[in-house]
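An overview of the molecular structure
Listed below, chain by chain, are the residues.
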Amino acid sequence: MTSFGQILKEVGEFGLFQKRLLAALCIPTMFAAFDVIGQVFAGVSFPHHCNTDWILERGPNLTDERRRNLTIPVNKDGKYESCKMFTPVDLDLETIEAYGINTTTGCINGWDYETPVGGSSIMSEFDLVCDKNGRIEASQSIYMAGFLFGALTFGAISDRFGRRFAILLCLFVLLLSGVGAAFSPNIYVYMVLKFFCGSSGGVIIMNTSVMGVEWTHSSKSALCTMSIILFFPAGLMLLSGIAYLTPNWRILQLVLYSPILLLLGFLYWFLPESARWLMTHGRKVEAQKELQRAARVNGKTVPEHLLDKLEMEGTVERRNMLDIFRISYLRKRTFIMGYNWFSISLLYYGLSLNVGSFGLNIYLTQFIFGVVEVPANLSVLTLVQHLGRRKCQVGYLFFGGAACLLVLAIPKDLPVVVTIIAVIGKFAATASFDTAYVYTAELYPTILRQNGVGLNSTCARVAGILAPLIRLLGVYHHTIPMLIYGVVPIAAAGFSLLLPETLNVELQDHAELKKPGIGPAANRYSATVLPTDTSINLY
């Protein structure tokens, strides 16, 4: 019997085939960045105040400044109120100028927005201000709920129907929902479509990274995952420029999502299926064809007798997410890593979706946030191979949480300093996410890998749902959101110390009843488990 790892050595562990595949898998990640952070620009907040055109009937030649002085009260900071106006009165202009108006009311005739030329957002178009201002955060939370749904759904779809099918379906749903959102007649339709955007675009990296890992040797798994994730900050930087040049949110949606149609056509023709997944599902002939295709591209020849001997005992077994909780060592890893993903997501989105509150220009801050993710990704690629997965996970989580707590100590009249500290936190959050993608894929066997990654990613989506809502707690005290964003990941850093190290450990293909060994000796568990009808037995 020949193991998959032995065949992969003959095919080429990281040849031209894997490099071409990796390049193709990187492109969808940019659209994931557009989808996740694009909602920040679609919902960008503009200065606004009540529409008070009623007074123009008394004085049609009033300047805007004079009209506001007469009809809009000022707050304690000397700025015009955004949600209050003086009650309209049936008096002439001279009387109003002489005595003023003493009573106030809400904005009864809508709002005026100070938007750039040709600019609009869901806030200004759907009037999501004053008593409706929480609906932007609600739409972000609904997007994250879609993310959660997608993590569960596409994990199961990928493990059941294949990695290739899941990736193509993911992009197809993202294309329809992303373009469709541009034609939303109201905020409720927009929310529904953003739910489907989250269910597809949010899980692109999860699907593509698993495909990349399964086609390469374990020593290259970190490189594959980091290369795919590295295109996320590239998408963020590109997004800041596109959003700056496209101030109309509807046009922005079309510009960001329409190119997926071309990408979908290319990947449908080019993308192979995971041979490792085919073998674990008993589809040996198809797996052999994919391996022969890879060998030809790599300029290799695989002896027929080796392909004929390729076996993974237990390939007829079918596993589902419940098996993760039935097996003690997988259950422990899932609880710890699930809290890890929850903490990382809370930290990442707590900072990313709060980009407009640090005091600097939103487009510049977003560009900086994108730039800082590049060295974050590169640091992970280097450090996880030298220090190991566990130490990196602990360190990044701790420093990310500490940065959020440090922000609380910086006065708000120092926006540059606040932004620098937030950038450090974003660096750590990004690196934590990258490490988690590498680490989680290596903690689960192939037969349950996508379900395992999907389950952990689900925990991150719960945090993603909560992150925008936690921002609303700032009405009680401005320190509460950042306090939560900081304490939770520091606690996760402590729990991460209980996880095993997976550096240079061969990937498992099937689950085992007992906890596998960690270290070089663990390679003996790389492929086989004797199947039974009711349980998972140790090889």
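Residues numbered from 1 in each chain as written. Predicted model: local features only at pLDDT ≥ 70, side-chain atom pairs only at ≥ 80, totals over all residues. Heavy atoms only, no water.

When helices and strands are counted, the chain shows 22 helices and 4 strands. Residues counted as buried form 57% of the 539 residues belonging to the chain. Taking the intrachain contacts of the chain between residues at least 6 apart in sequence as the baseline, contacts between residues at least 24 apart amount to 79%. For the chain, the computed accessible surface area is about 21700 Å², with 63% contributed by carbon and sulfur atoms. (Helix = DSSP H or I, 4+ residues; strand = E, 2+ residues; numbered from the N terminus. Buried < 20%, exposed > 50% of the residue type's maximum accessible area, 1.4 Å probe, protein only. Contact = heavy atoms within 4.5 Å. Areas by Shrake-Rupley, 256 points an atom, 1.4 Å probe, with all protein chains shown as cover.)

Together, Val-462, Leu-466, Leu-469 and Leu-472 give the surface a local cluster of nonpolar side chains, amounting to about 270 Å² of exposed area. With respect to the helices, strands and loops of the structure, Leu-472 is situated in the loop between helix H21 (446-471) and helix H22 (480-496). Classification of Leu-472 by relative accessible area gives partly exposed; the value is 37%. (Patch = residues over 30% accessible without salt bridge, like charges linked within 9 Å, V, L, I, M, F, W, Y side chains within 5 Å. Salt bridge = Lys/Arg side-chain N within 4 Å of Asp/Glu carboxyl O.)

Turning our attention to the environment of Ile-187. Its place among the elements puts Ile-187 in helix H8 (residues 187-201). Relative accessible area serves as the criterion here: at 4%, Ile-187 is assigned to the buried category. Along the sequence, Ile-187 and Phe-126 sit 61 residues apart, while their C-alpha atoms lie 6.5 Å from each other. Look past the residues within four positions of Ile-187 in its chain and what remains in contact with it is Ile-122, Phe-126 and Leu-128.

Examined against the element boundaries, Ile-27 turns out to sit in helix H2 (residues 16-42). When the C-alpha positions of Ile-27 and Gly-235 are compared, they lie 9.4 Å apart, and in sequence the two are 208 residues distant.

In the structure shown here, the tally under the stated rule is 14 salt bridges. For Arg-67, the salt bridge goes to Asp-53, with nearest N and O atoms at 3.8 Å. Here Asp-53 lies in the loop between strand S1 (48-50) and helix H3 (64-71) and Arg-67 lies in helix H3, a separation of 14 residues in the sequence. Residue classification places Arg-67 among the buried residues on the basis of a relative accessible area of 6%. Between Arg-163 and Asp-159 there is a salt bridge, and its shortest N-O distance comes to 2.6 Å. Judged on exposure class, the residue Arg-163 and its partner Asp-159 are both buried.

Structurally, the position occupied by Glu-501 is in the segment after H22. One polar contact links the side chain of Glu-501 to the main-chain amide nitrogen of Arg-389, over a distance of 2.8 Å. Polar side-chain contacts of Glu-501 include one of 3.1 Å to the backbone nitrogen of Arg-390. (Polar contact = N/O pair within 3.5 Å; in protein donor to acceptor, adjacent residues only side chain to side chain.)

Even without glycine at this site, Asp-127 takes up a positive phi of about 55°. One can find Asp-127 in the loop between helix H5 (122-125) and helix H6 (134-161). According to the relative accessible area criterion, Asp-127 is partly exposed, its value standing at 25%. For Cys-130, which is not glycine, the phi torsion reads 55° and is therefore positive.

What follows deals with helix H17 (residues 328-352). An ideal rise of 1.5 Å per residue puts 36 Å on 25 residues; H17 measures up with 36 Å between its terminal C-alpha atoms. For H17, the tally of buried residues reaches 20 of 25 residues, placing the bulk of the element in the interior. (Expected span 1.5 Å × (residues − 1).)

The full count for this structure, using the stated rule, is 2 disulfides. Across the disulfide from Cys-50 sits Cys-107; the S-S distance is 1.8 Å. Every disulfide takes its handedness from the sign of the S-S torsion; for Cys-50 and Cys-107 that torsion is -65°, giving left-handed. On the criterion of sequence distance, the pair formed by Cys-50 in strand S1 and Cys-107 in the loop between strand S3 (104-105) and strand S4 (111-113) is long-range, its members being 57 residues apart. Owing to a relative accessible area of 0%, Cys-50 belongs among the buried residues under this scheme. (Disulfide = S-S within 2.5 Å.)

Ranked by internal contacts, the top residues of the largest apolar core, which has 126 residues, are Leu-171, Trp-215, Phe-232, Leu-346 and Tyr-349. Among the elements that make up this core, the one with the highest residue count is H2 (14 residues). Non-local contacts of Leu-171, meaning those with residues more than four positions away in its chain, are made with Pro-28, Ile-204, Ile-260, Leu-263, Leu-264 and Leu-267. With 27 residues, the next largest nonpolar core counts Leu-62, Met-123, Ala-181 and Trp-249 among its residues. (Core = buried A, V, L, I, M, F, W, Y, C linked by side-chain atoms within 4.5 Å.)

What follows deals with helix H1 (residues 4-11). Of the residues making up H1, those classed as buried are Phe-4, Ile-7, Leu-8 and Val-11. Summarising the axial view, the buried residues of H1 lie within an arc of 105°, below the 170-degree limit, and thus occupy one face. Looking at the residues trailing H1, positive phi occurs at Gly-12, about 120°. (Arc of directions from axis to C-beta.)

Moving on to the packing of aromatic side chains. Throughout the structure, instances matching the rule amount to 22 aromatic pairs. Measuring from centroid to centroid gives 5.4 Å for Phe-41 and Tyr-363, while their planes differ by 10°, and the two rings are stacked. Here Tyr-363 lies in helix H18 (residues 362-386) and Phe-41 lies in helix H2, a separation of 322 residues in the sequence. Judged by relative accessible area, which is 5%, Phe-41 ranks as buried. On the numbers, 5.6 Å between centres and 90° between planes, the contact of Tyr-190 with Trp-249 is edge-to-face. With Tyr-190 in helix H8 and Trp-249 in helix H11 (residues 249-257), the pair connects residues that are 59 residues apart, well separated along the chain. For Tyr-190, a relative accessible area of 1% puts it in the buried group. Counting every residue linked through ring pairs, the aromatic cluster contains Phe-232, Trp-341, Tyr-348, Tyr-349 and Phe-433. Looking at Arg-160, its charged tip hangs above the ring of Phe-161, at a distance of 5.3 Å from the centre. The cationic tip of Arg-164 hangs over the ring face of Tyr-268; the distance from NZ or CZ to the ring centre is 5.2 Å. (Phe/Tyr/Trp six-rings, centres within 6.5 Å; stacked < 30°, edge-to-face > 60°. Lys NZ or Arg CZ within 6 Å of the ring centre and 35° of its normal.)

Put simply, H2 and H18 touch, their axes get as near as 11 Å, and they point 165° apart. Judged by the angle between their axes, H2 and H18 are roughly antiparallel. Both H2 and H18 take part in a crossing whose hand is right-handed. Where H2 abuts H18, its residues Ile-37, Val-40 and Phe-41 lie against Ile-362, Tyr-363 and Gln-366. Here the residues of the contact of H2 with H18 sort into 5 nonpolar, 1 polar and no charged. (Axes fitted to C-alpha atoms, helices over the stretch in contact; angles between N-to-C directions. Parallel < 35°, antiparallel > 145°, perpendicular 65-115°, else oblique. Left-handed = near helix turned anticlockwise from the far one by under 90°. Nonpolar A, V, L, I, M, F, W, Y, C, P; charged D, E, K, R; others polar.)

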